[in-house]
Every structure is written in C-alpha cells, then in structure tokens.
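Commentary on secondary and tertiary structure
The chain contents come next:
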Amino acid sequence: MIGMVSGAFASVIEEAIGELIFRSDGTSIREELEAAARTAIRTLIIDLDCITEDEGVLAIRSYRRRRPHTRIILLGLNRVPGDPVIARCVSLGIYDIVNIESDREDEEQLRSLILSSLQRQLAQPPATYADAARWEVYNEASLGITRPVKTGRTSSRKGDMAETVVMTERLIGTPVIAITSATRGSGCTYAAIQTARFLQNFGTVACLELQQEDKAGSLPSLSTEEVEGVFQLKGVPHVDFAYVKKTTDVTRRKKYDWVVVDVGCWADRTDEAIDEWERATMGWVTVAPSPWGYLAFLKQMASLFEHRQEWQVFLQHPSAGQEKKIKQGMDEYRVPVFSLPYQPEVFCLTQETTTVLQSAFEEILPKTVEKRGFTFRIPWWRSS
C-alpha cells in the first residue's frame, strides 16, 4: 500500500519497497497528487526534486487535507535546515524526512545510501515533530525574501556606522477578525458590519475597511455626513467605523476589545490586504452560494491557503440544497462553513443571525463562569 512520486530515484525506490500501488514521475505534481488522493495509499514517498516551493507545496497541502492519515515520506539530497520546501511541509504536519548527504558523482554509493535509508525509515514508526523540528527554521536568506518590511523604521547614525531598528506593529491581546470575499458583491462588508454589531455585546469594537487605491469605500457611503477618520453610524453608537490603509492607523490611537477588518475582494487583494489576512486572529471568506459564485471561490482557495492555513466560510443566505452541497465539499478540506440568514437591513441583527455568529466565534468569545451560591442550614435546637 505504498505510492511514489519521483523521477530520478524511481528505480531505487522501487528496489527498496518492491510492489507499488501508485507511481508517478512528478512532471505535473498537482494532477499527480490529485490522482494519488483517489488511491488508498498508506505511505507516499515524495522526491523533493519534484516539489516547487509554491505549486508543489500547495499540492501537498491539498493532498494532506484529503488524505490526513497517509504517511508521507520526503526524500531529498543534500538539503540543509532552513530549506523552504521542507520547512513548509513540516508546518503541514509532515515529519518523515530522509535526507541523503552524498556526492552525486558516485552513483553506486548514492543508490546504496538511498536504498538503506528508505528501508530504515519504513521500518520505523512514523516520525514526530521532535524528529523534524530542526528543519522548520525560517530565515530571509533561505526563503528568498526581498519584499521590504512594511513597518515603522528608525535609524541612528554614528560616524560611518549605521544602526537600524525595525519596529513591527502587533495587535497584542486584541482579537482581529479579517473578512474577505471570494467574489465582488458576495457580502464581506455586510458580514463585517453584522459581526461588529454582534461583538459590541462583548466590548468596544472597531469595524475597519481597507482602502484600495483611490476607490471610494463602502463604509463612508453609509453615513449621511462627510466623514474622515473614525466615525459612528446612526443606530450603531458603540462601534467605531473607519476607512483605512491598515489596521494600526486606528488601533494605535485607541484600545479596542475587538477589531473587524473588511479586507475586500480577494481577487483584488493588495499587499496590505494580505498582511491583514495573515496576522488576523480569525480569517473568514464570504461566498455566494450560486454555482458561478461557488466555482469562483474554489478557484481562489489555493491562494487563500497559501497565506493562511486556517480559515472559515460565511455562506450568504443559501438554499437548503446549496448549503448541504457546499458544506459537503468543504468537509473534504476541513473548512468550517456557517450560513448567514437573509437579512436585508445591514444594521439590524436578528436573533437567527446572532445564533449563527455565537457559534461561529465561540472559540474566541469570553467564557462566562457561573457562580453558584450556597446556603447554610442552621439546625433548630430544641431544649428538652
């Protein structure tokens, strides 16, 4: 019940294992792993030379979600800690890593090392994180990061020596809910306002919309007055609204118990939108339940997972049939789905919507502790 994805080492792997129920050469990794997911493979050996950092890792992530109990063994040659592909695979829960340190010139020695190392790995129980922890080392050199840091920066110069201090803005202790939409018009602004209305029952709330170039925002258009900076809307006095370039434009001035960020349509995402999506406490995607809306969402899934491994779906008032079908499809990827009921008035929070949101945000809502009282019974003494 063993499968293999390898090109150059295919013959050695077959010699180490014997009969294989699945084999591919890794030339089209996404399609090959989709085919592997339809096969009852107990252990899958993947040659790291077949995996690219982007498409290959996303393909493994998709396979991992569909086949969570399959043991995956990564086979590499002369890899070092900090290798970006291995580090990302470790973050997916793949801990069996066979790394061969050898000179490629001696083919016979290389073949012998691969053969013995694979046989030894297969004879052992599945590896744990402790075995793979040394590979999960991220640094800018290994990941090839060249994008400038979008944070505050100060510098001090002493003579010819320049000292630079980078300050990263973090929202410590404040839950941040980022909401994006799979398609334009699928309701991320609506979901953000409804979420903010719900969370005001648990503290102070900022409901923010990210600016996109010079486009007019949806939140300012809801006000009857000219607005700039933080503003309130009629009927929602306990929520601060704002149209901002980044969350910290507002949160550095005032402390909030909750921050809800309308990231906008994912297809139009900016670097700022990606930053908010990646660092939020929870990520949500609003999805239109129509066939075309669902199809457009499925096309966005790979990029959503690329920037955040855990996120949930708000399905906008689907029919019973649509809800059942989409929930079944998302079960395959372990993506929770919550259906928001039809509510034409965006600022009106119904009991039905409150029930859905209570369930959706249960893991981050404050837990109430019931204090039980107790009574004393004083015995009635009678004198004889």
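Residues numbered from 1 in each chain as written. Predicted model: local features only at pLDDT ≥ 70, side-chain atom pairs only at ≥ 80, totals over all residues. Heavy atoms only, no water.

Considerations on the overall build of the protein chain
Scanning the protein chain for helices and strands turns up 14 helices and 15 strands. For the protein chain, with 384 residues in total, the buried portion stands at 48%. Once local pairs closer than 6 in sequence are excluded, the contacts in the protein chain between residues at least 24 apart make up 71%. Roughly 21400 Å² of accessible area belongs to the protein chain as shown, and the carbon and sulfur atoms make up 50% of that amount. (Helix = DSSP H or I, 4+ residues; strand = E, 2+ residues; numbered from the N terminus. Buried < 20%, exposed > 50% of the residue type's maximum accessible area, 1.4 Å probe, protein only. Contact = heavy atoms within 4.5 Å. Areas by Shrake-Rupley, 256 points an atom, 1.4 Å probe, with all protein chains shown as cover.)

Description of the environment of S112
Tracing the chain through its elements places S112 in helix 5 (residues 107-123). Between the C-alpha atom of S112 and that of A16, which follows or precedes it by 96 residues, the distance is 9.8 Å.

A closer look at the packing of helix 8 (residues 188-199) against helix 14 (residues 351-360)
As a packed pair, helix 8 and helix 14 sit with axes 10 Å apart at the nearest point and diverge in direction by 85 degrees. The orientation of helix 8 relative to helix 14 falls into the category roughly perpendicular. Where helix 8 approaches helix 14, its residues Q194, T195 and F198 are matched on the opposing element by T353, T354, L357 and Q358. Of the residues that constitute the contact of helix 8 with helix 14, the class distribution is two nonpolar, five polar and no charged. (Axes fitted to C-alpha atoms, helices over the stretch in contact; angles between N-to-C directions. Parallel < 35°, antiparallel > 145°, perpendicular 65-115°, else oblique. Nonpolar A, V, L, I, M, F, W, Y, C, P; charged D, E, K, R; others polar.)

Regarding the nonpolar core
Formed by 33 residues in total, the largest nonpolar core has its most connected members in I177, I179, L199, F241, W284, F314 and F361. Discounting chain neighbours no more than four positions away, the residues touching W284 are I177, A178, I179, T180, W277, Q312, V313, F314, F338, A360 and F361. In terms of nonpolar packing, the next biggest core, distinct from the first, is built from 32 residues, A242, V244, Y256 and V263 among them. (Core = buried A, V, L, I, M, F, W, Y, C linked by side-chain atoms within 4.5 Å.)

Observations concerning the environment of P344
As for its placement among the helices and strands, P344 is situated in the loop between strand 15 (337-340) and helix 14. As for P344 and Y190, which are separated by 154 residues in sequence, their C-alpha atoms are 9.7 Å apart.

Quick word on the pattern of salt bridges
For side chains bearing opposite charge, pairing can occur when the charged atoms are close. As enumerated under the stated definition, the model contains 11 salt bridges in all. The shortest N-O distance in the salt bridge between E14 and R23 comes to 3.2 Å. A relative accessible area of 30% means that E14 is categorised as partly exposed. By relative accessible area, R23 is classed as partly exposed at 44%. The salt bridge involving R79 is made with D49; its shortest N-O contact spans 3.3 Å. Pair noted here: R79 is in the loop between strand 4 (71-77) and helix 4 (84-91) and D49 is in the loop between strand 3 (43-47) and helix 3 (55-66), with a separation of 30 residues, a long-range link. According to the relative accessible area criterion, D49 is partly exposed, its value standing at 45%. (Salt bridge = Lys/Arg side-chain N within 4 Å of Asp/Glu carboxyl O.)

Comments concerning the confidence of the model for the protein chain
On average, residues of the protein chain score 79 in pLDDT, and 80% of them reach the 70 mark or higher. Of the regions scoring below 50 in pLDDT, residues 138-172 engages in 46 contacts with residues more than four places distant in sequence or in other chains. Here residues 369-384 is modelled with pLDDT under 50, and outside its nearest four sequence neighbours on either side it reaches zero contacts, counting other chains as well. (pLDDT = per-residue confidence, 0-100.)

Description of helix 14
Among the residues making up helix 14, those that are buried are T353, T354, V356, L357 and A360. Within helix 14, the buried residues cover an arc of 165 degrees as seen down the axis, which keeps them to one side. In helix 14, the exposed positions that point more than 90 degrees away from the buried face belong to Q351 and E352. If you follow the buried residues of helix 14, they end up packed against helix 8, strand 13 (282-287), strand 14 (312-316) and strand 15. (Arc of directions from axis to C-beta.)

With respect to the environment of A8
Turning to its location among the elements, A8 is positioned in the loop between strand 1 (2-5) and helix 1 (10-17). You can call A8 exposed: its relative accessible area is 63%. Spatially, the C-alpha atoms of A8 and D49 are 8.6 Å apart, while their sequence positions differ by 41 residues.

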